[in-house]
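Remarks on the overall topology
If you want the building blocks of each chain, they are given just below.
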Amino acid sequence: MNEADMLFTVTVPGSTANLGPGFDSVGMALSRYLKLTVFESDKWSFEAETETVAGIPAGTDNMIYQVAKRTADLYGKEMPSVHVKMWSDIPLARGLGSSAAAIVAAIELADELCSLKLSEADKLHLASLEEGHPDNAGASLVGGLVIGLHEEDETQMIRVPDADIDVVVVIPFYEVLTRDARDVLPKEFPYADAVKASAVSNILIAAIMSKDWALVGKIMKKDMFHQPYRAMLVPELSKVEHVAEMKGAYGTALSGAGPTILVMTEKGKGEELKEQLALHFPHCEVDALTVPKEGSIIERNPLYQVKSV
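Residues numbered from 1 in each chain as written. Predicted model: local features only at pLDDT ≥ 70, side-chain atom pairs only at ≥ 80, totals over all residues. Heavy atoms only, no water.

An unreviewed UniProt entry annotates the protein chain as Homoserine kinase of Bacillus inaquosorum KCTC 13429. Of the comments in the UniProt record for the protein chain, the one headed Sequence similarities (unreviewed entry) reads "Belongs to the GHMP kinase family. Homoserine kinase subfamily." Per its UniProt entry, the protein chain bears the Pathway (unreviewed entry) comment "Amino-acid biosynthesis; L-threonine biosynthesis; L-threonine from L-aspartate: step 4/5." (UniProt positions renumbered as here; feature names shortened; annotations may be inferred.)

**Comments concerning the layout of surface pockets**
Of the voids in this model, the largest pocket is the one considered here, and its volume is about 670 Å³. What lines the largest pocket is a set of 38 residues, and nearest its centre among them are A93, G97, S98, S99 and T178. Counting only elements with at least two residues in the lining of the largest pocket, the list comes to helix 1 (63-74), strand 4 (82-88), helix 2 (98-114), helix 4 (135-142) and helix 5 (178-183). Top contributing element to the lining of the largest pocket by residue count: helix 2, with four residues. Grouping the constituent residues of the lining of the largest pocket by class yields 18 nonpolar, 13 polar and seven charged. (1 Å grid on protein atoms, 1.4 Å probe; cavity = no way out; pocket = protein on both sides within 12 Å on 5 of 7 lines; lining within 4 Å. Points joined across faces, edges and corners; volume = space filled by probe spheres on them. Helix = DSSP H or I, 4+ residues; strand = E, 2+ residues; numbered from the N terminus. Nonpolar A, V, L, I, M, F, W, Y, C, P; charged D, E, K, R; others polar.)

**Observations concerning unusual backbone geometry**
Of note, the amide linkage connecting G258 to P259 takes the cis form, showing an omega dihedral of 5°. In this structure, P259 sits in the loop between strand 8 (251-254) and strand 9 (261-266). The phi angle at D24 is positive, at roughly 65°, despite the residue not being glycine. When you line up the elements, D24 lands in the loop between strand 1 (6-17) and strand 2 (26-40). Positive phi values are uncommon outside glycine, yet K117 reaches one of about 60°. Tracing the sequence through the fold places K117 in the loop between helix 2 and helix 3 (120-131). The class for K117 is exposed, based on a relative accessible area of 72%. (Buried < 20%, exposed > 50% of the residue type's maximum accessible area, 1.4 Å probe, protein only.)

This is how it looks when you write it as structure tokens:
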């Protein structure tokens, strides 16, 4: 593809979700990214630029095309054909928001190609309808840390832009599919347990809003909604939690449905903690990440104007 044919790029951060008891409602952007570089073309096609997305469908069976088309159809628009180069370092099926990043990127793609002029609230609601919940999608869309509620007719979100922490992720090399992680959850929850679990979640949100990260970490492991059931799928969870606690980290939680394990620590201590965890978990990828303040970003080629169809 000739650079002169490049229309625009879409860059979307990955994310973590839940932070323990914030199940399906709390999300946080992470500095792993999906980037689409969009070129003028006479037919739709997708090209992988990194190993992470190798093997993606190359035509209109690609998930990003399907979500973009549904978005355009909703507004009665037809997208012009483009060639899309996909670059990503967000591993698939690891609990780092790869599908949510793709959904957000697809909505941005449709918005740009069809000049839909969608608001942030529109994009959030469309992404949450695709995902079923607003945590990963919201964080990828706006950056920072988000707390959301998704309903069929509306999606609400509160953003905490400055998460003044370092994050270390321990990424096992096996996958945990979201549907499998959902299958181990209970179908019913006793009323008394629901009340307690709700109180735990309320304290998590209060601690986040007060930026009391030590309390956030303490409360993360008190989750009753999903981690006690999913721990059997991720044997590294309790071991990472033990090592992280010994090294003075704030707290540990499953990232999304897992198997990635998220560790929050004091700002400036991420690299040191990364080195310590890498020694204990040589069979996993260990990385120190940040919480980007910005979500999805569009960068347009100034020489080209996208025309609506």
